[in-house]
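# Reading the structure
Residues per chain are reported as follows:
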Amino acid sequence: MLTEKRSSMLHGVLLIGLFSCAAFYIGEAQIFKQISFSPMIIGIILGMLYANSLRNHLPETWVPGIQFCSKKLLRLGIILYGFRLTFQDILSVGTAAIMVDIIIVVVTILGGVWLGKLLKMDRDIALLTSIGSGICGAAAVLGAESTIRTKPYKTAVAVATVVIFGTISMFLYPIAYRAGWLGLDPGQMGIYTGATLHEVAHTVGAGNAMGETISNTAIIVKMIRVMLLVPVLLSLGYWVAMKSRSDSNGTSSSEKGKVAVPWFAFGFLGVIFFNSFNLLPAAAVDIINYVDTFLLTMAMVALGAETSIDKFKKAGAKPFVLAALLYVWLVAGGWALAKYFAPMFL
């Protein structure tokens, strides 16, 4: 019986693996490279296409395999994401970039939650959208989802908002910089780009379009934002516990009010620490990063496979209204911070 259960679970994992391979293959197309659509983004699209077509024909015994990909493999992917970062990256950009990043992350997340309340929208979607906008797009949404353990369709909605507005900025920023509309020097533009663009892929795409100097600064500043995922997840775990304790209305329960510590966040931080010593050859790190992207793609496919159009309709337009408001803050507020605040620390 146990062997049959494992076999059925493996079928679900293999199904998600095949979709992920397809996402990588599609991602090699020139058009997707030009718009910096990573395999993760393509993966969730493929998963959603499957969810709205053939999903009902999937044997129920395969579902645990899909859930394994959206939870266990997701956490492993977040941990291995640390191989993209080192603590030396922080030192190379200085206090200015760190301060701007912290302000952007804190204001975006807290402001997004507050706006979500004003819009009377789903709390989880508002939180995931805010974290995705404030930190590092889809990867941050996935990390937060793994901490609060919400429904997959809410995660997919949040990821969709991040992709839309991040892609707009990836094209808008280089045009605005080349036209001289922003009035930022290369150093300031690098901080602005890294501190406000949603996805790492968006930052790379926009940075490359503006030159090596801006690109290098932007990517490092963006990576510092990624590091801030750790304290955010720890705070989120504590907040979820306090909220659960409040909702319990004083009733005793071993689960209510228990702090859900996102241990994978410590793993992520530990990997960054290890990677800072450059103990592994560059080729080995490249392989790990490739495997990590594949694992995160599998998680995205799995989340997409649990998301139907009906659930998007259920979420309504409010998540996109919230994402648009946060986008205005990132574009305008980020520019002001890069233009006037950052020079105070340079």
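What counts, and where the lines are drawn
- Residues numbered from 1 in each chain as written.
- Predicted model: local features only at pLDDT ≥ 70, side-chain atom pairs only at ≥ 80, totals over all residues.
- Heavy atoms only, no water.
- Patch = residues over 30% accessible without salt bridge, like charges linked within 9 Å, V, L, I, M, F, W, Y side chains within 5 Å.
- Areas by Shrake-Rupley, 256 points an atom, 1.4 Å probe, with all protein chains shown as cover.
- Salt bridge = Lys/Arg side-chain N within 4 Å of Asp/Glu carboxyl O.
- Helix = DSSP H or I, 4+ residues; strand = E, 2+ residues; numbered from the N terminus.
- Core = buried A, V, L, I, M, F, W, Y, C linked by side-chain atoms within 4.5 Å.
- Buried < 20%, exposed > 50% of the residue type's maximum accessible area, 1.4 Å probe, protein only.
- Contact = heavy atoms within 4.5 Å.
- Phe/Tyr/Trp six-rings, centres within 6.5 Å; stacked < 30°, edge-to-face > 60°.
- Expected span 1.5 Å × (residues − 1).
- Bend = angle between axes of the 7 residues up to and from the residue.
- pLDDT = per-residue confidence, 0-100.
- Polar contact = N/O pair within 3.5 Å; in protein donor to acceptor, adjacent residues only side chain to side chain.
- Axes fitted to C-alpha atoms, helices over the stretch in contact; angles between N-to-C directions.
- Left-handed = near helix turned anticlockwise from the far one by under 90°.
- Nonpolar A, V, L, I, M, F, W, Y, C, P; charged D, E, K, R; others polar.

Moving on to a nonpolar patch on the surface. Taken together, the side chains of Phe87, Leu269, Phe273, Phe274, Phe277, Leu279 and Leu280 make up a nonpolar region of the molecular surface, amounting to roughly 640 Å² of accessible area. With three residues, helix H13 (residues 263–275) is the single largest residue contributor to the nonpolar patch. In this structure, phenylalanine 273 sits in helix H13.

Counting 56 residues, the largest nonpolar core has Ile131, Ile135 and Val226 as the members making the most contacts within it. Excluding residues that lie within four positions of it along the chain, isoleucine 135 makes contacts with Val105, Ile109, Ala140, His198, Lys222, Arg225, Val226, Leu228, Leu229 and Val232. Counting residues in each nonpolar core, the second largest holds 18 residues, with Val13, Val63, Leu80 and Val271 among its members.

Turning next to the pattern of salt bridges. All chains considered together, the criterion is met by four salt bridges. Taking the shortest distance from any N to any O, the salt bridge between aspartate 292 and arginine 84 comes out at 3.0 Å. With a gap of 208 residues between them, aspartate 292 in helix H14 (residues 282–305) and arginine 84 in the loop between helix H4 (63–80) and helix H5 (87–118) connect regions that are remote in the sequence. Residue aspartate 292 is classed as buried on the basis of its relative accessible area of 0%. Close ionic contact of arginine 123 with aspartate 124 constitutes a salt bridge, the shortest N to O distance being 3.9 Å. Among the residues examined, arginine 123 registers a relative accessible area of 41% and is labelled partly exposed. Among the charged side chains, a salt-bridge network with shared partners connects Asp122, Arg123, Asp124 and Lys154.

This part takes up the packing of aromatic side chains. Under the criterion given, the structure shown has nine aromatic pairs. A centroid spacing of 5.4 Å and a plane angle of 50 degrees characterise the contact between phenylalanine 24 and phenylalanine 294, whose relative ring orientation is tilted. Within this pair, whereas phenylalanine 24 is found in helix H1 (residues 2–27), its partner phenylalanine 294 is found in helix H14, the two being separated by 270 residues in sequence. The class for phenylalanine 294 is partly exposed, based on a relative accessible area of 22%.

Attention now moves to H4. Every α-helix winds through 3.6 residues per turn, so residues three or four apart in the chain are directed the same way. Under the 1.5 Å per step criterion, the end-to-end length of H4 is 25 Å for 18 residues, consistent within 8% with the ideal 26 Å. Leucine 73 marks where H4 bends most, by close to 35 degrees. All buried positions along H4 are accounted for by Val63, Gly65, Ile66, Cys69, Ser70, Leu73, Leu74, Gly77, Ile78 and Leu80.

The next subject is the confidence of the model for the chain. Mean pLDDT over the chain stands at 84; residues scoring 70 or higher make up 90%. When the elements of the chain are averaged for pLDDT, helix H15 (residues 309–315) gives the smallest value, 73, and helix H16 (residues 318–341) the largest, 95. The low-confidence segment residues 251–257 (pLDDT under 50) makes six contacts with residues lying over four places distant or belonging to another chain.

This paragraph deals with the environment of threonine 161. Here threonine 161 is to be found in helix H8 (residues 152–179). Expressed as a C-alpha distance, the spacing of threonine 161 and leucine 322, which sit 161 residues apart in the sequence, is 9.0 Å. With sequence-adjacent residues up to four places away left out, threonine 161 is seen in contact with Thr129, Pro319, Phe320 and Ala323.

This part covers helix H9 (residues 186–196). Most of H9 is tucked away: nine of the eleven residues are buried. When we look at burial in H9, the residues that qualify are Gln188, Met189, Gly190, Ile191, Tyr192, Thr193, Gly194, Ala195 and Thr196. Packing partners of the buried residues in H9 comprise H5, H8, helix H10 (200–210), helix H11 (212–227) and H16. For H9, the capping residue at the N-terminal end is aspartate 185, with a side-chain oxygen 3.1 Å from the backbone nitrogen of glycine 187.

A few words now on the side chain of histidine 202. Mapped onto the elements of the fold, histidine 202 is located in helix H10. The contacts of histidine 202, once residues within four sequence positions are left out, are Val162, Val163, Gly166, Thr167, Met170 and Leu197.

This part is about the packing of H4 against H14. The N-to-C vectors of H4 and H14 enclose an angle of 145 degrees; their axes lie 8 Å apart at closest approach. Seen from above, H4 lies across H14 with left-handed handedness. Contact residues: H4 offers Ile66, Cys69, Ser70, Leu73, Leu74, Leu76, Gly77, Ile78 and Leu80, while H14 offers Ile288, Asn289, Asp292, Leu295, Leu296, Met298, Ala299, Ala302 and Leu303.

The subject of this paragraph is the packing of H8 against H16. For the pair H8 and H16, the least separation of the axes is 10 Å and the interaxial angle reads 35 degrees. Here H8 and H16 pass one another in a crossing that is right-handed. Across the interface between the two elements, Val157, Ala160, Thr161, Ile164, Phe165, Ile168, Ser169, Leu172 and Tyr173 from H8 touch Pro319, Phe320, Ala323, Ala324, Tyr327, Leu330 and Val331 from H16. Here the contact of H8 with H16 is composed, by residue class, of 14 nonpolar, two polar and no charged.

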